[in-house]
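What follows is each chain in one-letter form.
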Amino acid sequence: MAWNVVIAGGGFGGLSAARELEKVMPKQSARLMLVNETNYATYAPFLPEAAAGTLEPRHVVTPLRDILKRTYLRLGEIVGHDPAAKTVELAAKGGGNETIPYDQLLLSLGSVSRVLPIPGLTDHAFGFKGLADAISLRNRVVENLELANATNEHQRREELLTFVFVGGGYAGLEALAELQDFAADAMDSYPRARLHGMRWILVEAAPRVLPEIDQDLADYALRELRGRGIEIKLETTLNEVAADSVTLTSGEVIPTNTVVWTAGVAPAPILKQLNVPLDERGRVPVDDHLRVQGLDSVWAIGDCAAAPDPRGGTCPPTAQHAVRQGPVAARNIAAELGIGTAEPFTYRSEASFVNLGRYKAVGRIGDRKLRGFPAWFLARTYHMSQIPGYSRKAHAILDWTASMPFKRDIAELGSATRPKRLG
Ligand SMILES: Cc1cc2nc3c(=O)[nH]c(=O)nc-3n(C[C@H](O)[C@H](O)[C@H](O)COP(=O)(O)OP(=O)(O)OC[C@H]3O[C@@H](n4cnc5c(N)ncnc54)[C@H](O)[C@@H]3O)c2cc1C
């Protein structure tokens, strides 16, 4: 008899679990199914570089079929779950709902941008969570440079050449640093806009940025960004976002049509409809074996789970944790089905890096703190080892090498996804 193992979500956690299950579960003993919204996994740490054009957007994603050998990939969304009947509801891509039975279910549905009830935020701000966000933002920056170069109105130019990022965690800071670097280079092609000059602003509610790393490294990052002319506004957040301006809690009104919201993540909202327990932050609480509390055959990992961190508290929402939880959950699922032995999740994060663009980063490995080029080089080497698939590793190296001697590509491809009507 073959068991049905269903993995909901094919990102960092789900993909690493599927690969491990393929290794540990004999072919005849398990049917593996992975359900994902897309047929690729996104390597999120490279999104800032995709936005800045140092990496080709297609090269920051890996086709799931290139990686999975015998897992059945279904495209669509998990929209329901009946724990008593042991079934999940799939809204299949292309239409139609299906009920899928499971013996073991792994939830690895990730997270979304955490939004706050700020007037105009969801109507006018960009998120920075996926490939579409990175591409749209890049197109917005290029389009703004084009328009600013063409207009004679001072106020309009001000609005087009001001970019506001909200949230000083690593994702926001990396996106800001890479895009500002890109825009500063691209400005050479826009002489009239260059005369006016750009404003890049980071707004952060807390008294410091980068809570993920030590204060002295965060201070280094701030000095570096300020040195490039980026304005940093701490202990400040937004009162309102409009199409052409943003109002800060300090009362300042900044003319801008580009606000990027990177103020944290919230677990996948669909979890509320999946009949699983949720903690106060909407995450699925799991034990140290990553099993959902109170449900014998359901497991959860990655950003959507509240897993005990061996360092205390719960694991932070990072790819580092998701890719280590995936294989542990996979082996525990196999053990539950009689293959191998169960194990707790014991990974302690020893390293973290924040890329600041321009060949600089800050980071820590164990007790060792790194700044500038050595940190950047180590961060890049680490990411190269992590991005799944040899072809993606090779493409990333080629993209970086090719981007060094040449000017930045300033083609604005927003319209390329909207074909003209026939006739
Ligand atoms: C810009 C940026 C930079 C980052 N940099 C780093 C870094 O340097 N280091 C680091 O450790 N972490 C980094 N992270 C965080 C990291 O990307 C996340 O912690 C990681 O993706 C979590 O893995 P996951 O498997 O839980 O979720 P994801 O990787 O997000 O995967 C979730 C998957 O579930 C799918 N899904 C969602 N809902 C459904 C549904 N209903 N049905 C089916 N499928 C569904 C999604 O399509 C997705 O494929 C970064 C994040 C961002 C946004």
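Residues numbered from 1 in each chain as written. Predicted model: local features only at pLDDT ≥ 70, side-chain atom pairs only at ≥ 80, totals over all residues. Heavy atoms only, no water.

> Provide a residue-level description of the nonpolar core, including the pertinent values.
If you look at the biggest cluster of nonpolar residues, it comprises 54 residues, and the most contacted ones within it are Phe165, Leu173 and Trp200. For this core, the elements supplying multiple residues, two or more each, are helix 2 (47-52), helix 5 (131-150), strand 11 (162-166), helix 7 (170-186), strand 12 (199-203), helix 9 (215-227), strand 22 (351-357) and helix 12 (390-403). At 8 residues, helix 7 tops the list of elements feeding residues into this core. When residues no more than four places from it in sequence are discounted, the contact partners of Phe165 are Leu137, Gly172, Ala175, Leu176, Leu179, Trp200, Ile201, Leu202, Val203 and Val260. One finds Val35, Ile67, Val276 and Val328 within the second-largest nonpolar core, a separate group that totals 53 residues. (Core = buried A, V, L, I, M, F, W, Y, C linked by side-chain atoms within 4.5 Å. Buried < 20%, exposed > 50% of the residue type's maximum accessible area, 1.4 Å probe, protein only. Helix = DSSP H or I, 4+ residues; strand = E, 2+ residues; numbered from the N terminus. Contact = heavy atoms within 4.5 Å.)

> Describe the pattern of salt bridges, with residues and values.
This model, assessed by the stated rule, comprises 19 salt bridges. Residues Glu224 and Arg228 are paired through a salt bridge, measuring 3.1 Å at the closest nitrogen-oxygen approach. As far as burial versus exposure is concerned, Glu224 and Arg228 are alike and both buried. Arg311 serves as the salt-bridge partner of Glu350, at 3.5 Å between the closest nitrogen and oxygen. Highlighted residues: Glu350 in the loop between helix 10 (319-336) and strand 22 and Arg311 in the loop between strand 21 (305-306) and helix 10, separated in sequence by 39 residues. Residue classification places Glu350 among the partly exposed positions, given a relative accessible area of 40%. If you follow the salt bridges from partner to partner, you end up with Glu20, Lys23, Arg331 and Glu343 in one network. (Salt bridge = Lys/Arg side-chain N within 4 Å of Asp/Glu carboxyl O.)

> Hey, could you go over the sheet that holds strand 15 (residues 245-248) for me, with residue numbers and the actual values?
Spatially, 3 strands are ordered 14-15-16 in an open sheet, and the strand pairing comes out antiparallel. Both edges of this open sheet fall to strand 14 (238-241) and strand 16 (253-255), since each of them pairs with a single strand only. Sheet twist, expressed as the mean angle between neighbouring strand axes with direction ignored, is 20°. Examined bridge by bridge, strand 15 and strand 16 share 3 bridges and lie antiparallel to one another. Bridge pairing links Val246 to Ile254 in strand 16. (Pairing = 2+ DSSP bridges. Axes fitted to C-alpha atoms, helices over the stretch in contact; angles between N-to-C directions.)

> If you had to explain helix 11 (residues 372-386) to someone new, which residues and values would you point to?
With 15 residues, helix 11 extends 21 Å from end C-alpha to end C-alpha; this agrees with the ideal 21 Å at 1.5 Å per step. Among the residues of helix 11, those classed as buried are Gly372, Ala375, Trp376, Ala379, Arg380, His383 and Met384. Where helix 11 is buried, its residues contact helix 2, helix 9, strand 22, strand 23 (360-365), strand 24 (368-371) and helix 12. (Expected span 1.5 Å × (residues − 1).)

> Which residues make up helix 9, and what values go with them?
With 13 residues, helix 9 should reach 18 Å at 1.5 Å per residue; the first-to-last C-alpha distance of 18 Å fits that figure. When we look at burial in helix 9, the residues that qualify are Leu217, Ala218, Tyr220, Ala221, Leu222, Glu224 and Leu225. Where the residues of helix 9 are buried, they touch helix 7, strand 13 (231-233), strand 22, strand 23, strand 24 and helix 11. Looking one or two residues beyond helix 9, the residue adopting positive phi is Gly229, at roughly 90°.

> Now, about the sheet that holds strand 10 (residues 125-126): what can you tell me, with residues and values included?
Taken together, 5 strands build an open sheet; the order of strands is 10-17-11-12-13 and the sheet is parallel. Looking along the sheet, the strands with just one partner apiece sit at the ends: strand 10 and strand 13. Bridge count between strand 10 and strand 17 (residues 258-261): 2 bridges; the pairing is parallel. What sits directly across from Phe126, in strand 17, is Val260. Together, strand 11 and strand 12 form the strand contacts of helix 7, whose direction differs from that of strand 12 by roughly 175°.

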